[in-house]
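Examination of the molecular architecture
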Amino acid sequence: MKDRFRVTGGARLSGVVKVDGAKNSVLKLMAASLLAEGTTTLTNCPEILDVPLMRKVLEGLGCSVEIDGSTVRITTPAEVKSDADFDAVRQFRASVAVLGPLTARCGRAVVALPGGDAIGSRPLDMHQSGLEKMGATTHIKHGAVVAEASELRGAHINLEFPSVGATENILTAAVLAKGQTVLDNAAREPEIVDLCEMLISMGARIDGAGTSTITIDGVESLKPTEHEVIGDRIVAGTWAYAAAMTQGDITVGGIAPKHLHLALQKLRLAGAEIETYDSGFRVRMDRRPTAVDYQTLPFPGFPTDLQPMAIGIATIAEGTSVITENVFESRFRFVDELQRLGADASVDGHHVVLRGIEQLSSTDVWSSDIRAGAGLVLAGLVADGETIVHDVYHIDRGYPRFVENLNRLGAQVERLVGDEGK
Ligand code: UD1
């Protein structure tokens, strides 16, 4: 039987918590280490399941990878293999980040179509067409995307949508391409800036990171580097919403508050008091939250990865909230689980209307992805009695020491291993 969390509702969370490096950065930085022969060192890495999974992918390509607490050292050989291990890649979405580096280093990449979260269809058409613009041919064969290029050349690429993954793969291919690449409608997420900073420290020539137009002048080769992963804004945002939902008082460290600007602004509108510092913030709430509307958008819009937290707070807010999902189509699956907890929610296409109730009512619920799982734990914190959250392996992929941190902040959450508690 898979592990579950038993969450006892009713506690107000208070105290200090520090976030580790961002999941959505570290995995891409690990993939980018393929671009340079030698040992690249990443610090501030989170201890989450996806890091050893990415180690497996890189080892299959010929690298040796050492994980030493929050430090990861990757030694990339002169000759990298071009075929990523099918089973390792299938297990998580971020593995597709090896596509750009492998095409640039080997002139060929075979990467299984990735699995990962059940949050909607996640095609790779923009990744493929970006590489094709640079002279590669790509096709899907036996469940894998195959890219081949005798030489990558700089190109003008205009993304249809500012896809995070496509921006990353185009960047990591363009840094070693011949000539200049201009990428328009690029993603502006802080994790893209982090990747660009690491690539620049490896010797890449990149301008405009964090804006919609990124210019890359290809270089002959890159050198390994040492880089500190940026803090995880989604984990930090989860703590912010936990404070507001439980009428608590949490100070979060290890994060630049500007990376969560809109999410914190929304909490202010809901009635929270927020102070920001250089690398952290404090959220205090002393009453029932007021209903606030949300729509998810690419950065600097409200992050789709915090949409479950926005829905969570809306379930217990005073008034009615409308939450609109613009990034992933199937991300409302966990609304069914919230309805089992008594939430008054109705889904209409990519909108969900929530009429806030005073308190949720505990029962068994099932996580469908990392963020939905964390959202269900927060919901359990504001339900009466004991909520059992199943399939918490999803949460383990993105939230280091989640149960320990929750309990340190005053929550009552217990991990039930296997049959325990049955
Ligand atoms: C990354 C994050 C994920 C986050 C998302 C949006 C990682 C490992 N995951 O996912 O947590 O929720 O950014 O901030 O970093 N699309 C296409 N064709 C493509 C590529 C994307 O249609 O070639 C669509 C997707 O189906 C989706 C939208 O574009 O609807 C956004 O996807 P994208 O920004 O690429 O997200 P990911 O990089 O997969």
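Keep in mind that this is a model prediction, so the values were computed, not measured.

**Topic: the domain arrangement of the protein chain**
Domain annotation for the protein chain reports domain 1 (4-19 + 231-416) and domain 2 (23-228). Of note, the centres of domain 1 and domain 2, computed from C-alpha atoms alone, are 30 Å apart. Of the residues lining the interface, 26 residues belong to domain 1; the matching set on domain 2 comes to 22 residues. Roughly 2000 Å² is buried in total at the junction of domain 1 and domain 2, and carbon and sulfur atoms are behind 53% of that figure. It is Phe299, Phe328 and Arg397 that lose the most area in domain 1 upon contact with domain 2, and together they represent 31% of the buried surface on that side. Here Asp50 ties to Arg397 by a salt bridge, and the two come within 2.9 Å at their closest N and O atoms. Applying the counting rule to domain 1 against domain 2 returns five residue pairs in polar contact (both at pLDDT 80 or more).

**Considering the packing of helix 1 (residues 23-32) against helix 7 (residues 190-201)**
Viewed as axis vectors pointing N to C, helix 1 and helix 7 meet at an angle of 30°, and their least axial separation amounts to 9 Å. Judged by the angle between their axes, helix 1 and helix 7 are roughly parallel. As helix 1 packs across helix 7, the resulting crossing turns out to be right-handed. Together, Asn24, Ser25, Lys28, Leu29 and Ala32 of helix 1 and Glu191, Asp194, Leu195, Met198 and Leu199 of helix 7 make up the contact between the two elements. Looking at side-chain class alone, the contact of helix 1 with helix 7 contains five nonpolar, two polar and three charged residues.

**Side note on the pairing of strand 10 (residues 180-184)**
Counting buried residues in strand 10 gives four out of five residues, a clear majority hidden from the surface. Examined bridge by bridge, strand 9 (residues 156-158) and strand 10 share three bridges and lie parallel to one another. Residue pairing for strand 10: Asn158 is matched across the bridge by Asp184. Remark: the strand 9/helix 6 (residues 164-174)/strand 10 crossover connection has right-handed handedness.

**Observations concerning the UniProt feature "binding site: phosphoenolpyruvate" (unreviewed entry) in the protein chain**
Residues annotated in UniProt with the feature "binding site: phosphoenolpyruvate" (unreviewed entry) correspond here to Lys23 and Asn24. Setting aside residues no more than four positions away along its own chain, Lys23 makes contact with Pro46, Ile48, Asp50, Asp232, Ile370, Arg371, Arg397 and Gly398. Excluding residues that lie within four positions of it along the chain, Asn24 makes contacts with Glu168, Glu191 and Asp305.

Calculation notes
- Residues numbered from 1 in each chain as written.
- Predicted model: local features only at pLDDT ≥ 70, side-chain atom pairs only at ≥ 80, totals over all residues.
- Heavy atoms only, no water.
- Domains from an automatic or database assignment.
- Contact = heavy atoms within 4.5 Å.
- Buried area = accessible area lost by both parts, 1.4 Å probe.
- Salt bridge = Lys/Arg side-chain N within 4 Å of Asp/Glu carboxyl O.
- Polar contact = N/O pair within 3.5 Å; in protein donor to acceptor, adjacent residues only side chain to side chain.
- Axes fitted to C-alpha atoms, helices over the stretch in contact; angles between N-to-C directions.
- Helix = DSSP H or I, 4+ residues; strand = E, 2+ residues; numbered from the N terminus.
- Parallel < 35°, antiparallel > 145°, perpendicular 65-115°, else oblique.
- Left-handed = near helix turned anticlockwise from the far one by under 90°.
- Nonpolar A, V, L, I, M, F, W, Y, C, P; charged D, E, K, R; others polar.
- Buried < 20%, exposed > 50% of the residue type's maximum accessible area, 1.4 Å probe, protein only.
- Pairing = 2+ DSSP bridges.
- Right-handed = clockwise from strand over helix to strand, strands pointing away.
- UniProt positions renumbered as here; feature names shortened; annotations may be inferred.

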